[in-house]
Each structure stands twice: as C-alpha cells, then as structure tokens.
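# Structural overview for review
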Amino acid sequence: MLAVLLAVVVVRVAVVRMVVRVPALALSLGGRVVQGRPRATVRVHHAALASRRRYAAASVPDRMVLAAQRAALVESERTRRVALTACRGWLACIALFLLSVAAWILWVAWPEGTSQTVTRNGFDIRFIPDTDTAIAPAALGAAAGVVIAALVMVWRDRTRLMAPYRPPLLESAQALAACRDAEGSLPRIEDALLALRRALVTYARHGHATHREREGELVAHAQVVGRALHDAGRAVWRQPPAGLPELVRLLGTVHDRAHERGWLALLDDPDLPGPPPDPPSGTPHSPGGLPASGTTNWPGRWSAPLQHTAVLLPAVAAVGALVFSSITVRQANDNLRVTEHDSVSSRFSTAVGQLDSRSLDVRLGGLFTLERIIEDSPRDHTTVLQLWCAYVRGHAREGGQQAPEDAETAMRLLGDHWKMADGRFTACELSGTHLNGMVLGEKDYQEADFTGLDLQGVDLTAATLRVTDFTNADLQHAVLTGADLYEAILRHADLRNADLSVAGLRRANLAGADLRGAELEAADLREALYSSNTKWPRGYRPPSSAQLIED
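Not measured: the values here are computed from a predicted model.

### A few points about the overall build of the chain
- Helix and strand content of the chain: 14 helices and four strands.
- The contacts in the chain between residues at least 6 apart in sequence include a share of 50% that link residues at least 24 apart.
- For the chain, the accessible area works out to roughly 28600 Å², and carbon and sulfur atoms hold 55% of it.

So, in structure tokens, the structure goes:
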C-alpha cells in the first residue's frame, strides 16, 4: 500500500509539472476553439457596477477606468476558459500516453503458454497449470488506478493550475454582483466571498510569477485581505442593511486594485484587521483550504500535499482492494477451472473404461456419462462425438434383424448433439455399419454421410435429414414419415416398401432410386431430381416441377 501511495504521489507530481507547462500549441489551439462570452461577462460587470452605485457610490471610478475594467474582465474570462480547455486536452494526451505505456508493458510482460496439453487414454486434453497468471493484469489495473487517481487529483487542482493564466478579476466582480440584492442572496454572497478569498490566496501562491522571492509577503497580504472580507461578510449576516455598504466598498477597492495589479495593496492599512489571536489547538478550519478567520498561521508548505494525501488515501485503499479482489477472483477462477478440467478428465477416463465392459448396463452408463461431459465441457464436444461414432462403428458391424441396443443409444445421442456449438455439423464416419431396425425418430442428422449403410427397417420419423447422403443405402421398410429430406441425396438408394408419407423431399436427388412399394402419400417432391432409372411405385407420377436428369 505504501508503494502504491508513493507511486500515486510521484505520478501526480510529474503530471502537475507537465500540466502547469501546457504547450504553447495547446494554448494556441484552445484560443482558436474557445470563443469569448462578452454578454455574460458584461452582465456580471453591470451587476457589480449597480451594486457599487447603490451602496458605495463614492468609490465608483470614472468611465475610462470602468471601460478598461470591462475589457479586462471579458479577456480574463476568455483566458480562463482557453487555459482550462488547453489543460483538459493536454491532460487527456498525458493520460493516453501513460495508459499506452502501461498496455505496452503488459503486452511485453504477459506470460506465454498459460495452457498445456496432455494426452490421456489417447485423447488430447488441455488444462491450465496452477500458476499465477493474474500478475500482469493486476499490474495493468494497478498502473491504470495510479494514473487515474493522479489525474483525478490534478483535476481537483485545476483552479491552482489555471492561476498562472489569469488574476481573480472575475471572482471579485461576481462577489460585487452578488451584493446587488442582499436580502434574498446572503448565502450567495457568502459563497462568492469564499471563492474570492480562495482565488486571492491561490493567485498569490501560484500566479504572481514575477516576484517569487516575495511569495510569503503576497500570501500573507492575500490572507489578511481575505480575513477583512470575511469580517465584513459576517457583519452583513448580523445587520444586512447596515453592513452591506462597507462590504461593497471593500470589494470595490479589491476589484480596482486587482485591475491595477496592486497585489501588495489590495486594501489600505485602515481597512485591514489587526493581528488575530492564536486559536486554541484543535480549532477546526473553514472549508476551502483557509482558516476559519483568515489567519496566517497555516501549517506550512507541506499542508497541501498532506491534505491531498489524506483525501487520496481512501481512494488508494479502494483501488488496492479492487486490485486484490481482482487477483483473488482470477486465481479462484483459475483454480476452479483446473479443478473442473481434472474432474472432466477423470470422468472421461472412467467413461472410456466403462465402454469396454462386458455388461450392457455399464456400457450404457459410460455413454450417458459422456453426454454429461459435453454439457459440462463444451470444448470436448467434438472429442465425445468422435468417440460415439467410433463406438457405433465397433458395435454395429454384424448384420441382422436388430442392431445392438448400446449402438442404437450411441446413435440417438449423436442425433441429440449432431450440431456443434460453432454451427458446424459432426463429420462422423459410419461406413460399413449396420443400423437396421434402430429407432432414431426426431433426431438431427443434417449433412450426415450414410453412404452404403444398412438401414433396413430404421425408424427416422420426423428426423432432420437435410443434405444427408444416402447414396446406395439400403432403406427397405424404413419409416421416414414426416422426415425433412430437403436436398437429400438418395442416388441409387433402395427405398422399397419404405414409408415416405408427409416427407419433405423437395429438391432431393432420387436418380436411380428404387421406390417400388414405397408410400408417398402427401410427400413433397417439388423440384426433386430423378432419372430414367428411378423406379416409382405403381401408378405414381412425379409432380410437374420435378426435373428429369441423366443418371
């Protein structure tokens, strides 16, 4: 935590140094982009002049001085916005540069090879080793937090950063304008006085660059003037009608002397209060960074950094807690992922061992365990599907009236998970297998290759068989009621006595197929392809949209 705090302070000091020296190009661009607001500023000037004429007419200067003050006020307001815009742009450039450097460091320091591959039971399984891979992201998060915290602190100091570019003329005019209607704007007067006191001290400390050796004298005089204004403001609170002329006279004097750049004579000696008594220890200070009475017993040059440190400490603690939480969550996720991979690997090995059992029930349990693995680990989808295909090839090779029950279960599981997560379909090699008599209704075997398979008596009711290849397949007595055979390839397929009622055979290729005795009631054969060798059921004529092609 101490290192993070030190890093924040160092970055903040560096950024402040860079922001205070805003490039001339940024100021020039700001001067071109920002336009003056003479109407709003002139309204403030007129309101201030009305207050002086109403409560302190004797202190109003002549017309030439008033015109010069109005012009200086307009230019001061525009200069403030130009400097603020340039500072914002320069600050954004610094932030982008620092974050780019942090991202480059992350890219260079990111550990390579965070995953490893091992072979278990003939299958490649990837897992993440138990290493701390969250160091680099945590470093980037900490760097970004440090930069953002430093930039937030700099943005809080924007008033001080703007001090070298303008004197506090606008604040004094706004304080005078607030006195125009005293009865309904006492809180407004107090806020304006507080802003003026802050501006005077800030400009004395940071803006009067021509006499740095007299900074202490300038700050002391600004604080005494602030105390005089504070006392006059308290008198207005006690007696609004009676105390207001004195406050307006003092504000008018400060405004005129600030315009004349008399920074060591903002008020005459008779108007300044005497030295205040030392406050008892533990006396609270007023908001705004000034003592409650405007005294000069400020703790010293390290007070501002200490205050910023006290303000920043909770933010740094929060950033540190966030980074620590991120690292902890990342490590927990990595450990959980490793545990899950180990669990999947163990279950996979157990399931593969069950497939070699002599007991039918044990083999079926292994097949359903593989299905659970697909649900828990989608990236093993392809591996499990290939294993099911291999199981069907190994257990459905003998012809007969009925295929084995475990092979039928594997085919049904294939139909449930035929389409993979990426949208592709399983490339399952089933050549030479006998699937006769299997019940595979309502399953999905899109784009499957059933070329030359023994599918006698197979039940594919309402199955999805789009673009499926049945070339030379034996589909005698097969049940394909309501099956979707859009663009299916049935070249030279044996479909004798097959039930194709309500089947969707649109654009299917039936060249050379044997459909004798097949049931084609309500079957959709629009745009189907057939050849002269296609054998239709007795008395059946293909629809006119079907096309005759060469076999």
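### Some details on the side chain of Asp474
- Residue placement: Asp474 occurs in the loop between α14 (405-416) and β3 (529-530).
- Despite being buried, Asp474 has no salt bridge partner; Arg496 is the closest side chain of opposite charge, sitting 6.0 Å away.
- The residues contacting Asp474, other than those within four sequence positions of it, are Leu453, Asp454, Leu455, Gln456 and Asp494.

### Re helix α7 (residues 169-178)
- Among the 10 residues of α7, nine are classified as buried, and the element is accordingly described as predominantly covered.
- Turning to α7, its buried residues number three or more, namely Leu169, Leu170, Glu171, Ser172, Ala173, Ala175, Leu176, Ala177 and Ala178.

### A word on the state of the cysteines
- One pass over the structure, following the stated rule, counts one disulfide.
- Two residues share a disulfide in this structure: Cys389 and Cys428, whose sulfurs sit 1.7 Å from each other. With the S-S bond torsion at -140 degrees, the cross-link from Cys389 to Cys428 turns out left-handed. With Cys389 in helix α13 (residues 381-395) and Cys428 in the loop between α14 and β3, the pair connects residues that are 39 residues apart, well separated along the chain.

### Thoughts on the packing of aromatic side chains
- Following the criterion strictly, the structure yields four aromatic pairs and no others.
- A ring pair is formed by Tyr530 and Trp536, whose centres lie 5.6 Å apart and whose planes are at 75 degrees; its orientation type is edge-to-face. Both residues of the pair, Tyr530 and Trp536, belong to the buried class.
- Taken together, a centroid distance of 5.5 Å and an interplanar angle of 35 degrees make the contact between Trp536 and Tyr540 tilted.
- The class for Tyr540 is partly exposed, based on a relative accessible area of 25%.

### Overview of the side chain of Ser172
- Looking at the element boundaries, Ser172 is found in helix α7.
- Look at Ser172 and you get buried, because its relative accessible area is 1%.
- Leaving out residues up to four positions away in the same chain, Ser172 has contacts with Leu196 and His255.

### Describing the packing of α13 against α14
- Where α13 contacts α14, the axes come no closer than 9 Å and their chain directions differ by 150 degrees. Classed by the angle they form, the pair α13 and α14 counts as roughly antiparallel. Viewed along their axes, α13 and α14 form a crossing whose handedness is left-handed. For the pair formed by α13 and α14, the contact residues are Leu385, Trp388, Cys389, Tyr391, Val392 and His395 on the first element and Asp406, Ala407, Ala410, Met411, Leu413 and Leu414 on the second.
- Taken together, the residues of the contact of α13 with α14 sort by class into 10 nonpolar, one polar and one charged.

### Focus on unusual backbone geometry
- For Val467, which is not a glycine, the phi torsion comes out positive at approximately 60 degrees.
- Tracing the backbone shows Val467 in the loop between α14 and β3.
- At Glu527, a position not held by glycine, the phi torsion is positive, near 60 degrees.
- On the secondary structure map, Glu527 appears in the loop between α14 and β3.
- Residue classification places Glu527 among the partly exposed positions, given a relative accessible area of 30%.

### Some remarks on helix α3 (residues 38-55)
- Here α3 contains 18 residues, and its C-alpha end-to-end distance of 26 Å stays within 8% of the 26 Å for a straight helix at 1.5 Å per residue.
- Turning to α3, its buried residues number three or more, namely Thr41, Val42, His45, Ala47, Ala48, Leu49, Ser51, Arg52 and Tyr55.

### Describing the nonpolar core
- One finds Met411 and Leu495 to be the most contacted residues of the largest nonpolar core, which totals 66 residues.
- For this core, the element with the most residues is α13, which contributes seven residues.
- In this view, Leu495 contacts Leu475, Leu480, Leu490, Leu500, Leu510, Asp514, Leu515, Arg516 and Ala518; residues no more than four positions away in its chain are not counted.
- Listed in part, the 40 residues of the second largest apolar core include Ala222, Leu247, Leu250 and Ala258.

### Here we look at the pattern of salt bridges
- Under the defined criterion, the tally for this structure stands at 14 salt bridges.
- Here Glu246 makes a salt bridge to Arg249, at a shortest N to O gap of 2.7 Å. A residue pair is termed a helical-turn pair when its members lie 3 or 4 positions apart in one helix, as Glu246 and Arg249 do in helix α10 (residues 240-259) at three residues.
- Classification of Arg249 as partly exposed rests on a relative accessible area of 26%.
- A salt bridge links Asp484 to Arg466; the nearest nitrogen and oxygen atoms lie 2.7 Å apart. Of this pair, Asp484 sits in the loop between α14 and β3 while Arg466 is found in the loop between α14 and β3, placing the two residues 18 residues apart along the sequence.
- Judged by its relative accessible area of 23%, Asp484 is partly exposed.
- Taken together, the shared-partner salt bridges connect Glu487, Arg506, Arg507 and Glu527 into one network.

### Considering the confidence of the model for the chain
- The predicted model of the chain averages 75 in pLDDT, with 66% of residues at 70 or higher.
- Per-element confidence in the chain ranges from a low mean pLDDT of 47 for strand β2 (residues 123-127) to a high of 94 for β3.
- Across residues 111-116 the pLDDT falls below 50, and counting only partners more than four positions away or on other chains, this stretch makes 11 contacts in the model.
- Counted against residues more than four places away or in other chains, residues 118-134, with its pLDDT under 50, gives 41 contacts.

### Considerations on the packing of α3 against α7
- One can describe the packing of α3 onto α7 by two numbers: an axis separation of 7 Å at closest approach and a directional angle of 55 degrees. Of the possible angle classes, the one that applies to α3 and α7 is oblique. The two elements α3 and α7 meet at a crossing, and its hand is left-handed. Residues Val44, Ala47, Ala48, Ser51 and Arg52 of α3 touch α7, and the partners they reach there are Ala173, Gln174, Leu176 and Ala177.
- A class-by-class count of the residues in the contact of α3 with α7 yields six nonpolar, two polar and one charged.

Scoring rules and cut-offs
- Residues numbered from 1 in each chain as written.
- Predicted model: local features only at pLDDT ≥ 70, side-chain atom pairs only at ≥ 80, totals over all residues.
- Heavy atoms only, no water.
- Helix = DSSP H or I, 4+ residues; strand = E, 2+ residues; numbered from the N terminus.
- Contact = heavy atoms within 4.5 Å.
- Areas by Shrake-Rupley, 256 points an atom, 1.4 Å probe, with all protein chains shown as cover.
- Buried < 20%, exposed > 50% of the residue type's maximum accessible area, 1.4 Å probe, protein only.
- Lys, Arg positive; Asp, Glu negative; His and termini not counted.
- Salt bridge = Lys/Arg side-chain N within 4 Å of Asp/Glu carboxyl O.
- Disulfide = S-S within 2.5 Å.
- Phe/Tyr/Trp six-rings, centres within 6.5 Å; stacked < 30°, edge-to-face > 60°.
- Axes fitted to C-alpha atoms, helices over the stretch in contact; angles between N-to-C directions.
- Parallel < 35°, antiparallel > 145°, perpendicular 65-115°, else oblique.
- Left-handed = near helix turned anticlockwise from the far one by under 90°.
- Nonpolar A, V, L, I, M, F, W, Y, C, P; charged D, E, K, R; others polar.
- Expected span 1.5 Å × (residues − 1).
- Core = buried A, V, L, I, M, F, W, Y, C linked by side-chain atoms within 4.5 Å.
- pLDDT = per-residue confidence, 0-100.

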